Amino acid sequence: MLRWIGIVAVTVGLGGCAARPMRTLVSYEREPWTFARSSASKLTTRHYEIYTTMRDEVLVGALPGFVEAAYEHYTQLLPPSRPPAEKMKVFLFASRGEWEAFTRRFAGPRAAVLLKVRNGGYSEGGVSVIEYVRHEITFPLFAHEGFHQYVHHCVNGRLPAWLNEGLAVYCEGQRWGQDGLRCFDPWYNPLRRNDLATAVLAGRLHRLSRLLQTNAGEMIEGSSQSVATYYAQLWALVLFLQHGAKGKYATDFQRLLRSLADGDVERHARAVHIWSARPTFSFGEDLFRAYISEDLESVEREYVAFIREKFLN
């Protein structure tokens with residue numbers, strides 16, 4: 001059955017949603033789907049196939065508009081190298097048990113690692129798999145994993161972990177009203193803001209060099225506190241590069257994002273490394289040096305000052 005749903009444009013200002021967001025219509029088809037003998041739904045939109053065991057009709061009806069608004073948000077943030085070759089698959093399960101059962105069947109040897117993920121959500125091989133917890137947790141997670149999925153399907157260049165995860169956390173911020181999603185607002189992320197403030201006050205911020213060199217797989221083996229700080233700091237780092245230090249790094253950061261669509265950023269990172277005295281190539285750090293700044297100490301001072309100004313006041 002063909003259906004239509006209204007969604008809002010995703011343009012945001014520096015401090016939140018546009019004053020008068022425009023509404024657009026998203027068409028989608030809904031048909032039955034079965035998972036583990038339970039009746040469920042498959043929703044097909046322009047870019048996505050959504051499989052869900054959720055029974056809440058309001059929530060299910062909001063999914064097509066949400067994923068298409070998120071897709072538009074991703075394209076504005078990081079220009080695509082190509083459109084997706086096929087519809088991107090998203091699975092949203094109503095319970096942890098369903099999510100775990102699907103993960104064991106879907107991920108094979110990788111399942112043991114993925115099942116460690118708290119509040120169940122991951123993107124694997126271009127497929128997003130989400131466990132519903134509650135709205136304020138699940139929809140930011142949905143947008144986060146959706147960005148990783150978008151990169152897999154639409155971006156040629158390889159992203160270093162700090163940028164891939166930083167942009168994904170940046171996409172989590174969203175504002176909802178009585179009529180559904182109003183817009184994506186990267187500054188509005190209460191969970192990450194709280195984690196960041198806690199880390200600052202406790203003196204537990206990761207050094208910038210560690211953020212640039214570490215990947216999420218390595219970080220997830222640490223304490224939950226360290227992991228939370230890592231993601232919160234990457235969120236703040238992307239905001240800093242766009243808006244901090246009086247816009248000092250904004251042009252270079254946008255140049256980096258545009259270059260990712262060409263798939264040639266690693267060559268620039270390696271060129272910077274060749275002329276350095278550093279013994280080991282680090283894609284994340286050398287890419288930052290190539291596009292943003294060689295002076296990591298100065299950037300770190302400005303970055304920490306930005307965190308204290310924006311998130312502790």
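From a predicted model like this one, the values you see are computed outputs, not experimental measurements.

Reading guide: rules and limits
- Residues numbered from 1 in each chain as written.
- Predicted model: local features only at pLDDT ≥ 70, side-chain atom pairs only at ≥ 80, totals over all residues.
- Heavy atoms only, no water.
- Phe/Tyr/Trp six-rings, centres within 6.5 Å; stacked < 30°, edge-to-face > 60°.
- Helix = DSSP H or I, 4+ residues; strand = E, 2+ residues; numbered from the N terminus.
- Buried < 20%, exposed > 50% of the residue type's maximum accessible area, 1.4 Å probe, protein only.
- Lys NZ or Arg CZ within 6 Å of the ring centre and 35° of its normal.
- Disulfide = S-S within 2.5 Å.
- Axes fitted to C-alpha atoms, helices over the stretch in contact; angles between N-to-C directions.
- Parallel < 35°, antiparallel > 145°, perpendicular 65-115°, else oblique.
- Left-handed = near helix turned anticlockwise from the far one by under 90°.
- Contact = heavy atoms within 4.5 Å.
- Nonpolar A, V, L, I, M, F, W, Y, C, P; charged D, E, K, R; others polar.

Peer 1: Would you explain the packing of aromatic side chains in this entry?
Peer 2: Centre-to-centre distance and the angle between the planes together describe a pair of aromatic rings. The final tally for this structure, using the stated rule, is 31 aromatic pairs. Seen in terms of ring centroids, Phe 35 and Phe 102 are 6.3 Å apart; in terms of plane orientation they differ by 55°. Their pairing is tilted. Residue Phe 35 is located in strand β4 (residues 23-35), and its partner Phe 102 is located in helix α2 (residues 96-107); the two are separated by 67 residues in the primary sequence. One exposure class covers both Phe 35 and Phe 102, and it is buried. Three or more aromatic residues joined by ring pairs form one cluster here, namely Trp 33, Phe 35, Tyr 51, Phe 91, Phe 93, Phe 102 and Phe 106. Over the ring of Tyr 188 we find Arg 175; its NZ or CZ atom is 4.1 Å from the centre of that ring.

Peer 1: Where do I start with the state of the cysteines in this structure?
Peer 2: Every disulfide links exactly two cysteines, by a covalent bond between their sulfur atoms. One pass over the structure, following the stated rule, counts 0 disulfides. Distance from the sulfur of Cys 154, which forms no disulfide, to the nearest cysteine sulfur (Cys 171) is 13 Å.

Peer 1: Could you clarify how one ought to interpret the packing of helix α4 (residues 135-154) against helix α5 (residues 161-170) in this entry?
Peer 2: In helix packing, the relevant descriptors are the interaxial angle and the interaxial distance, both defined with respect to the helix axes. Running from N to C, α4 and α5 point in directions that differ by 130°, and their axes come no closer than 7 Å. Classified by the angle between their axes, α4 and α5 sit oblique to one another. Here α4 runs over α5; the crossing is right-handed. Contacts between α4 and α5 involve His 144, Phe 147, His 148 and Val 151 from the former and Asn 164, Glu 165, Leu 167, Ala 168 and Val 169 from the latter. Split by residue class, the contact of α4 with α5 holds 5 nonpolar, 3 polar and 1 charged.

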